[in-house]
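Listed below, chain by chain, are the residues.
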Amino acid sequence: MKTLSISLIFLFITCTASANDGYKLWLQYFPFENQAVSDYYRDYLENINIVGASPTIDIIQRELEMAASGFLNSKVKPTFKHTGDSNICWIGKTDDLPKDLKSAFGQKVNEIEKEGYWLKYHLGRVIITANSDIGLLYGTFAFLRSIQSRGQLESLDELDNPKIERRILNHWDNLNRTVERGYAGFSIWNWHRLPRHIDQQYHDYARANASIGINGTSVTNVNANALILTPDYLSKVKALADVFRPYGIKVYLTARFSSPMEIGGLATADPLNPDVQQWWKEKTKEVYDYIPDFGGYLVKADSEGQPGPHNYGRTQAEGANLLADAVAPFGGIVMWRAFVYSEKTPDDRHKQAYNEFKPIDGKFRDNVIVQVKNGAIDFQPREPFHPMFGAMPETPLMMEFQITQEYLGHDTHLAFLAPMYEEVLQTDTYVNGTGSTVSKVVDGTLHNYSLTAMAGVANIGTDRNWTGHHFHQANWFAFGKFAWNPNAKSEEIAEEWLKLTFTSDKTFTEPVKAMMLSSHEMVVNYMTPLDLHHIMARSHHYGPGPWVTGGSRDDWTATYYHKATEKGVGFDRTATGSNALGQYAPEIQKQWGNLNSVPEKYLLWFHHLPWNHKLSSGNTLWDGIALHYQKGVEETRQNLDTWKEQVDHVDEERYKHVLSFLKIQSEEAVWWRDACLLYFGQFSGMPLPDGVEKPAHDLDYYLKLNPKFVPGI
Ligand code: BDP
């Protein structure tokens, strides 16, 4: 048996010199770095037996061909057999397992679920088995990942099932191809050319998603346009669905609640009106005529100007059930967003969704799942988990993460979001006693939800590398990993992504992984330390705007959230304030409500404190804030140094691209620090502590900065 000398391979650098625009994402399949490595894997890539025939099996075969030609740097195609069991790489469904494997594998194959797979080394052979073609595709990608990261094949024994049933990207893409909160160019959906032109990118998109287990995509903005439900557009959506199907990806659409009026000619969209109900039933049947496996509707209602059941004095459940009844005969679902808050700001925005949804827990149809953002405000750099998680035992809840960086510096600021996702998922809600983590709510185990799902607001656009910043590919990748397994670990994700995308060389992966893992906290440091929040510039949210006040809505201003005065700063959400804290379990109320036990990372989210309040470090609150800003700035500089040290490990194109973005980030961290400290300093009246650099300009300078045409709105 051949074994791989791992130590050997780290001596070699895989991806220097040649240009790489990043289009291939984490599916680079770099050539093997030397003969020994090539000899070790070659047989497994060249002699493959795939049992079965289907469009998905064809995709598996193509993927293996691509991988082999990449790894082996040759045009020689692997030999595929579709019968027999002689080859050393065997891919086939559990029912087709050859006798010897069946008896060797025994009962364990029964642990493989619908979309799961088992990747196993057995007596010199690599076996990929599953119960569905999609499971085989996932297993094939797992196999290729293990080769890409130069794993030992002998130790392969990966039986993996997704813990969440629906793993969905949400595109906030408009029909005119702008992307709301999108910073990587325009929408990749070219509606004008569809359905007659099918761009190769649609296949590449599906392939990338399938490689990380994503099995759904909602292709249109939640601020929905009813036109998407007209025949013209449905034929375009059908064309996309046809491309995505063999990759195991279902299409979902956002439904505008007022569609019956806008495209149906009705006078009302009241969910209890029989004509409205009939309209949705017929419209939905039409959708299924185009797309027989259509996933269902995603709805933003009664929020930020979107129409909804409130317009008719109905509840969110009545609104959701209207659509749920329409999709039910076809097996569809409704993802009803909980991002509902009033135009009138009657109460702390933090409390509004919970107050609206909690009383209607259990009132939704079985095929409705309520889609809840990770936090109660809006995708801030750090938010405590949304109090709805754990509070709705009778209604399936799904997680909505934002992958695109609306509030985290847009595409030029490196922020690896996995630690942020992990932090939320691993927080204990305490609703069913200790250990009731958010992840257990979302994977359905805590309340036995029959439906489980996770959504990620995509960061994908027409930029050649898909995501603007090369490192933000890692956030798409990480989302896929958490959707598959909400207990995934950021560190493993970062390491795997780096190996697949750049190189397995530890002199590269170790420092760069450390840079990634600390990058989210770094952004929190220079933007919103100690959980200040929503202090970004108005509307486009690019750059600092702690001074934003007035205008159409109070809860879209910074002053509403930080409440800075000479007396102090922060939002009192304890019982003496808005008591949003009261929406959490008693254990959390006790811990987060008490200044001695509240984690400092949530301090100003829940407490309004005087500037001279003593932090655990012994610093005053003012000094603490200032030092965090300074630390964030220093970390961006450190990252520049770390990256410069990688010059020999990365192809020139990506090296320079990342370097230039890191420079922008470092400059903008200074902008954030100086603008915020000058602004808050007016209230604290305290000097900057030692170690914090003096701002280069006065506050007026920052107030007047007014970047034009910021993307994403
Ligand atoms: C906010 C965005 C806005 C979205 C909204 C939503 O600013 O563009 O439409 O969330 O999630 O984060 O519906």
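Residues numbered from 1 in each chain as written. Predicted model: local features only at pLDDT ≥ 70, side-chain atom pairs only at ≥ 80, totals over all residues. Heavy atoms only, no water.

Re the site of the ligand
Every one of the 14 residues lining the ligand counts as a neighbour, but Glu180, Lys300, Arg337, Asp378 and Glu406 are closest to it. With respect to the ligand, the side chain of Glu180 contributes an N or O atom lying 2.4 Å from an oxygen atom. Burial of the ligand by the protein chains amounts to 96% of its free accessible area of 320 Å². Its residues placed into classes, the shell around the ligand shows 4 nonpolar, 2 polar and 8 charged. (Near = heavy atom within 4 Å. Polar contact = N/O pair within 3.5 Å; in protein donor to acceptor, adjacent residues only side chain to side chain. Areas by Shrake-Rupley, 256 points an atom, 1.4 Å probe, with all protein chains shown as cover. Nonpolar A, V, L, I, M, F, W, Y, C, P; charged D, E, K, R; others polar.)

Describing the pattern of salt bridges
Two side chains with opposite charge may pair up if their charged atoms get near one another. On inspection of all chains with the given rule, the structure shows 44 salt bridges. A salt bridge links Lys238 to Asp242; the nearest nitrogen and oxygen atoms lie 3.0 Å apart. A residue pair is termed a helical-turn pair when its members lie 3 or 4 positions apart in one helix, as Lys238 and Asp242 do in helix H7 (residues 231-244) at 4 residues. Residue classification places Asp242 among the partly exposed residues on the basis of a relative accessible area of 32%. (Salt bridge = Lys/Arg side-chain N within 4 Å of Asp/Glu carboxyl O. Helix = DSSP H or I, 4+ residues; strand = E, 2+ residues; numbered from the N terminus. Buried < 20%, exposed > 50% of the residue type's maximum accessible area, 1.4 Å probe, protein only.)

Focus: the domain arrangement of the protein chain
Partitioning the protein chain into structural domains gives domain 1 (6-160), domain 2 (181-496) and domain 3 (525-571 + 608-704). The gap between the C-alpha centroids of domain 1 and domain 3 is 46 Å. (Domains from an automatic or database assignment.)

Quick notes on the nonpolar core
One finds Phe143, Phe471, Trp476, Trp643 and Phe680 to be the most contacted residues of the largest nonpolar core, which totals 215 residues. At 11 residues, helix H21 (residues 652-684) tops the list of elements feeding residues into this core. If you look at the next biggest cluster of nonpolar residues, it comprises 9 residues, including Trp90, Leu97, Trp118 and Ile127. (Core = buried A, V, L, I, M, F, W, Y, C linked by side-chain atoms within 4.5 Å.)

Regarding the side chain of His534
Tracing the backbone shows His534 in the loop between helix H16 (506-527) and helix H17 (558-562). If we skip the residues at most four places from it in the chain, His534 touches Arg349, Ile377, Gln380, Tyr407, His541, Asp555, Trp556, Thr557, Ala558 and Tyr561. (Contact = heavy atoms within 4.5 Å.)

Topic: unusual backbone geometry
That bond from Leu194 to Pro195 is cis: its omega, 0 degrees, falls within 30 degrees of zero. Residue placement: Pro195 occurs in the loop between strand S7 (166-170) and helix H6 (200-211). The backbone phi angle of Asn73 is positive, close to 55 degrees, even though this residue is not glycine. When you line up the elements, Asn73 lands in the loop between helix H3 (55-71) and strand S2 (79-81). Here Asn73 falls in the exposed class, since its relative accessible area comes to 61%. Even without being glycine, His410 reaches a positive phi, approximately 60 degrees. By the element assignment, His410 lies in the loop between strand S13 (397-402) and helix H12 (418-425).

Looking at the packing of aromatic side chains
Here the structure, examined in full by the defined rule, presents 51 aromatic pairs. Taken together, a centroid distance of 5.0 Å and an interplanar angle of 10 degrees make the contact between Phe32 and Phe71 stacked. Here Phe71 lies in helix H3 and Phe32 lies in the loop between helix H1 (6-9) and helix H2 (35-46), a separation of 39 residues in the sequence. Given the relative accessible area of 2%, Phe71 is considered buried. Ring geometry for Phe471 against Trp643: centres 5.5 Å apart, planes inclined by 85 degrees, an arrangement best described as edge-to-face. Here the residue Phe471 occupies a position in the loop between strand S14 (453-457) and helix H14 (473-484), and Trp643 occupies one in helix H20 (residues 621-644), the gap between them amounting to 172 residues. The class for Phe471 is buried, based on a relative accessible area of 1%. (Phe/Tyr/Trp six-rings, centres within 6.5 Å; stacked < 30°, edge-to-face > 60°.)

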